[in-house]
Amino acid sequence: MEQYIAGYESMTAHELSRYLTKEFHTKIRQAFGAALTQLGASLHIEKVNGEAKAIYGLVKGLCAFFTEHAGKEERLLFPLVADTGQSYKASATTYETESFVDDLKEEHYALGEGFMNLRRLTNNYNCNTSASPSRKLAFGHLNGIEQNIKQDIFIEEEYLFPRILRIK
C-alpha cells in the first residue's frame, strides 16, 4: 500500500474518495481477512488461553466495525461527490452533511481506541519466542492495518472532509 502520495492538497474530493476506497478501504478489508485467518490458525496450533481468544474477538470486532464504517463512507458520503469532483448532488442539507461527518469522526476515534486496546493485549504486536508463525504473521498484519487506518483517517480528516464541508 502506498504510504504517501504527494499532492493530497491538489486532489479534488472525488479523486480523494476514489483514492481512499482503492488504496485503503479495499486493502484494509483484505488485510483484516488475512489477519483473522492467521489468528484462527494460531488458535488451533497453540495452547489456547483467554488472552488469545480475547485478541481474536477484538480483531473480529474491529474488522466488523471498520467494514461498516468504510461502507458508510463509500455508500453515503463518497457518492455526494459528483464526477466533476466539485459539485454535489442535492441529497443532503449542509447540517446533515456536517452531522454525518461528525459521526464519522467519532467512529475514527472509536477505531483508534480499539487499536489502543489491541496494542495493550498484544504487547504492541510483539509475540513471545514460542508463538506460532501464524500468530507472528497475524501480528504483522495487525500492525500494518493500524498504520494504514491511521493514514486513511488523516487523509479523510485533513483533506477530504474539509473539502466536502467547504463545497457543500
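An account of the accompanying structure is given in this report. Computed from a predicted model, the values in this text were never measured in an experiment.

## Looking at the overall build of the protein
Turning to step 1, where the next piece is worked out: Tallying secondary structure elements over the protein gives four helices and zero strands in all.
Turning to step 2, where the next piece is worked out: Taking the contacts inside the protein whose residues are at least 6 apart along the sequence as the reference set, 80% of them involve residues at least 24 apart.
Turning to step 3, where the next piece is worked out: Carbon and sulfur atoms make up 53% of the accessible area of the protein, which amounts to about 8900 Å² in all.

## Brief notes about helix α3 (residues 94–121)
Turning to step 1, where the next piece is worked out: For α3, spanning 28 residues, the distance from its first C-alpha to its last is 41 Å, which sits close to the expected 40 Å at 1.5 Å a residue.
Turning to step 2, where the next piece is worked out: For α3, the set of buried residues is T97, V101, L104, E107, H108, L111, G114, F115, L118, R119 and L121.

## Some words on the environment of R163
Turning to step 1, where the next piece is worked out: Among the secondary structure elements, R163 is positioned in helix α4 (residues 133–167).
Turning to step 2, where the next piece is worked out: For the pair R163 and L16, spaced 147 residues apart in sequence, the C-alpha separation works out to 9.8 Å.
Turning to step 3, where the next piece is worked out: Polar contacts involving the side chain of R163 include one to the main-chain carbonyl oxygen of M11, which spans 2.8 Å.

## Digging into helix α2 (residues 50–77)
Residues that lie three or four places apart on an α-helix share one face, since the helix turns once every 3.6 residues.
Turning to step 1, where the next piece is worked out: Helix length check: α2 (28 residues) gives 39 Å between terminal C-alpha atoms against 40 Å at 1.5 Å per residue, within 8%.
Turning to step 2, where the next piece is worked out: Residues A52, I55, V59, L62, C63, F66, H69, A70, G71, K72, E73 and L77 constitute the buried set of α2.

## A look at the environment of Y159
Turning to step 1, where the next piece is worked out: Of note, Y159 is situated in helix α4.
Turning to step 2, where the next piece is worked out: We classify Y159 as buried; its relative accessible area is 18%.
Turning to step 3, where the next piece is worked out: As for Y159 and T12, which are separated by 147 residues in sequence, their C-alpha atoms are 9.2 Å apart.
Turning to step 4, where the next piece is worked out: Filtering out sequence-adjacent residues up to four positions away, Y159 remains in contact with Y8, E9, L16 and F154.

## Considerations on unusual backbone geometry
A negative phi angle characterises most non-glycine residues, just as the trans form characterises most peptide bonds.
Turning to step 1, where the next piece is worked out: If you check the backbone angles, N123 has positive phi at about 55° while not being a glycine.
Turning to step 2, where the next piece is worked out: Position of N123 among the secondary structure elements: in the loop between α3 and α4.
Turning to step 3, where the next piece is worked out: Of note in the backbone geometry, Y125 takes a positive phi value of approximately 65° without being a glycine.
Turning to step 4, where the next piece is worked out: By the element assignment, Y125 lies in the loop between α3 and α4.
Turning to step 5, where the next piece is worked out: Taking relative accessible area as the criterion, Y125 reaches 9% and is therefore assigned buried.

## Topic: the packing of α2 against α3
Turning to step 1, where the next piece is worked out: Remark: α2 packs on α3, axes separated minimally by 10 Å, with the N-to-C direction vectors making an angle of 160°. Here α3 runs roughly antiparallel to α2, going by the angle between their axes. With respect to the hand of their crossing, α2 and α3 are arranged in left-handed fashion.
Turning to step 2, where the next piece is worked out: The class makeup of the residues in the contact of α2 with α3 is 17 nonpolar, four polar and four charged.

## A word on the packing of aromatic side chains
Turning to step 1, where the next piece is worked out: This structure, assessed with the given rule, holds six aromatic pairs.
Turning to step 2, where the next piece is worked out: Between Y8 and Y159 the ring centres are 5.5 Å apart and the planes differ by 50°, which places this aromatic pair in the tilted class. Taken as a pair, Y8 in the segment before α1 (13–45) and Y159 in helix α4 lie far apart in primary sequence, 151 residues in all. Each member of the pair, Y8 as well as Y159, is classed as buried.
Turning to step 3, where the next piece is worked out: Judged by centre distance (5.9 Å) and plane angle (75°), the rings of F154 and Y159 are edge-to-face.

What counts and what doesn't
Residues numbered from 1 in each chain as written. Predicted model: local features only at pLDDT ≥ 70, side-chain atom pairs only at ≥ 80, totals over all residues. Heavy atoms only, no water. Helix = DSSP H or I, 4+ residues; strand = E, 2+ residues; numbered from the N terminus. Contact = heavy atoms within 4.5 Å. Areas by Shrake-Rupley, 256 points an atom, 1.4 Å probe, with all protein chains shown as cover. Expected span 1.5 Å × (residues − 1). Buried < 20%, exposed > 50% of the residue type's maximum accessible area, 1.4 Å probe, protein only. Polar contact = N/O pair within 3.5 Å; in protein donor to acceptor, adjacent residues only side chain to side chain. Axes fitted to C-alpha atoms, helices over the stretch in contact; angles between N-to-C directions. Parallel < 35°, antiparallel > 145°, perpendicular 65-115°, else oblique. Left-handed = near helix turned anticlockwise from the far one by under 90°. Nonpolar A, V, L, I, M, F, W, Y, C, P; charged D, E, K, R; others polar. Phe/Tyr/Trp six-rings, centres within 6.5 Å; stacked < 30°, edge-to-face > 60°.

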